[in-house]
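Survey of secondary and tertiary structure
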Amino acid sequence: MSIQWFPGHMAKARRQVTEKLKLVDVVFELLDARLPISSRNPMMGEIVSQKPRVILLTKCDLADPKANKMWVEYFREQGVGVLEVDAKTGKGVNLIQSVTDKLLQPLFETRQRKGILTRRVRAMVLGIPNVGKSSLINRLAKRAATVTGDRPGVTKAQQWIKIGQNLELLDTPGILWPKFEDHGVGLRLALSGAIKEEILPIEEVAVHGISYLKERYATDLMTRYKLQDSALEQESYELLQEIGKKRGCIQRGGIVNTEKAAEIFLNDLQGGMIGRISFEYPGDEFFIEEQDVQR
Ligand code: G4P
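This text gives an overview of the structure that appears in the document. (Residues numbered from 1 in each chain as written. Predicted model: local features only at pLDDT ≥ 70, side-chain atom pairs only at ≥ 80, totals over all residues. Heavy atoms only, no water.)

Neither face of strand S6 (residues 167–170) is left uncovered, since the one carrying Leu167 and Leu169 and the one carrying Glu168 and Leu170 both have all their residues buried. Relative to S6, strand S5 (residues 160–163) runs antiparallel, the two being bridged by four bridges. Along S6, the bridge assignment pairs Ile163 with Leu167. Once S5 ends, the chain turns through three residues before running back antiparallel as S6, passing Gly164 with a positive phi of about 65 degrees. (Buried < 20%, exposed > 50% of the residue type's maximum accessible area, 1.4 Å probe, protein only. Helix = DSSP H or I, 4+ residues; strand = E, 2+ residues; numbered from the N terminus. Pairing = 2+ DSSP bridges.)

Right, let's talk about the pattern of salt bridges for a bit. Close approach of charged atoms lets side chains of opposite charge pair. The final tally for this structure, using the stated rule, is 15 salt bridges. A salt bridge links Lys22 to Glu19, with the shortest nitrogen-to-oxygen separation between them at 2.9 Å. In this structure Lys22 comes out as exposed when scored by relative accessible area, which is 61%. Connected through salt bridges with shared partners, the residues Arg120, Arg122, Lys162 and Glu168 form a single ionic network. (Salt bridge = Lys/Arg side-chain N within 4 Å of Asp/Glu carboxyl O.)

This next bit is on the site of the ligand. With respect to spatial proximity, 14 residues lie near the ligand, and among them Ala87, Asn130, Lys133, Ser134 and Ser135 are the closest. In this structure, an oxygen atom belonging to the ligand sits 2.8 Å away from a main-chain N or O atom of Ala87. In the environment of the ligand, an oxygen atom lies 2.6 Å from a nitrogen or oxygen atom belonging to the side chain of Ser135. Within the complex, 62% of the 710 Å² of free accessible area of the ligand lies under protein. Grouping the amino acids of the shell around the ligand by side-chain chemistry returns five nonpolar, four polar and five charged. (Near = heavy atom within 4 Å. Polar contact = N/O pair within 3.5 Å; in protein donor to acceptor, adjacent residues only side chain to side chain. Areas by Shrake-Rupley, 256 points an atom, 1.4 Å probe, with all protein chains shown as cover. Nonpolar A, V, L, I, M, F, W, Y, C, P; charged D, E, K, R; others polar.)

Right, let's get into helix H7 (residues 183–192). Where burial is concerned, most of H7 is hidden: nine out of the ten residues are buried. Within H7 the residues assigned to the buried category are Gly184, Val185, Gly186, Leu187, Arg188, Leu189, Ala190, Leu191 and Ser192. If you check the start of H7, you find a side-chain oxygen 2.9 Å away from the backbone N of Gly184, and it comes from Asp182. Where H7 terminates, the next one or two residues include Gly193, which has phi positive at roughly 95 degrees.

To continue, consider unusual backbone geometry. Look at Lys59: it is not a glycine, yet its phi comes out positive at around 55 degrees. Mapped onto the elements, Lys59 comes out in the loop between strand S2 (53–58) and helix H3 (65–77). Look at Asn130: it is not a glycine, yet its phi comes out positive at around 75 degrees. Locating Asn130 in the fold gives a position in the loop between strand S4 (121–127) and helix H6 (133–141).

For the rest of this paragraph, the subject is the nonpolar core. Judged by nonpolar contacts, the single largest core of 74 residues is most densely connected at Phe28 and Phe265. Looking at which domains feed residues into this core, each of domain 1 (7–175) and domain 2 (201–283) gives three or more. In this structure, Ala13, Val24, Val27 and Met43 belong to the second largest nonpolar core, which totals 14 residues. (Core = buried A, V, L, I, M, F, W, Y, C linked by side-chain atoms within 4.5 Å. Domains from an automatic or database assignment.)

This model, assessed by the stated rule, comprises one cavity of 30 Å³ or more. Estimates place the volume of the largest cavity at around 50 Å³. Here the lining of the largest cavity is composed, by residue class, of six nonpolar, four polar and three charged. (1 Å grid on protein atoms, 1.4 Å probe; cavity = no way out; pocket = protein on both sides within 12 Å on 5 of 7 lines; lining within 4 Å. Points joined across faces, edges and corners; volume = space filled by probe spheres on them.)

And the structure:
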């Protein structure tokens, strides 16, 4: 699988984000709690650079609570603010202000020395497509705030969304794409639903997902599809066929429609029906290599 960024596209997104960064005191960097490394643009660190950052692990309701806890510790050790959030129910969202204020203490002290007493903070939401930027902005604003995408050739005055007394959000979230070149990253993004399935070989994605679940979430997988223990000895493609049979994806001649089975499996996985699944844990094998890219 090779889904490539157009270099011009990447440069433009980067330029736009860099421009907007000048307007804010802090960045809310949204990472999908299920795959915080793969859902991060590899240049994020470099682009955001010296700006204070609060990492918001989105869709934490879909991710494994055990992994969530490990990721919070992992990022906390790096000295950035970090929180699990669920924009669907609002979990964690009311803590954003206090975590941000704590992180920005040095800024407040500098302001105080200059006689500026305001604790008002301006923030920008930044993340890959589908990570939950609009949902979070709407949840913070307690309404469907008009989140406007960047339209080429249209210059508009910058709008700020007031959140309570001391927080203002840029109405346009910064969008940075993930790194697709790495096959593993692409597959994990596809499993999470961040990449639309039409551009991917859906059966390959599903087979990869089944292999992963067999390793780490075997009980959830077997319970969801009422599989016998012995099923785990089967190849993942055979398991996909088994799932297809259980879900009635049979074509004429008794052949299993594995494409349909893959669709059902991925819908279940992405909708949280199999369980709370995380695709990455700190310390995973892929991780060392990815970490190098992040720096
Ligand atoms: P974006 O602006 O970063 O592109 O992401 P957006 O908020 O549009 O969210 C992308 C999808 O993720 C939406 O689902 C949204 O409902 C879902 N989502 C966002 N935050 C959370 C969360 O904390 N938990 C869960 N479970 N889902 C979340 P969709 O299927 O595209 O639309 P819809 O289901 O809202 O109709």
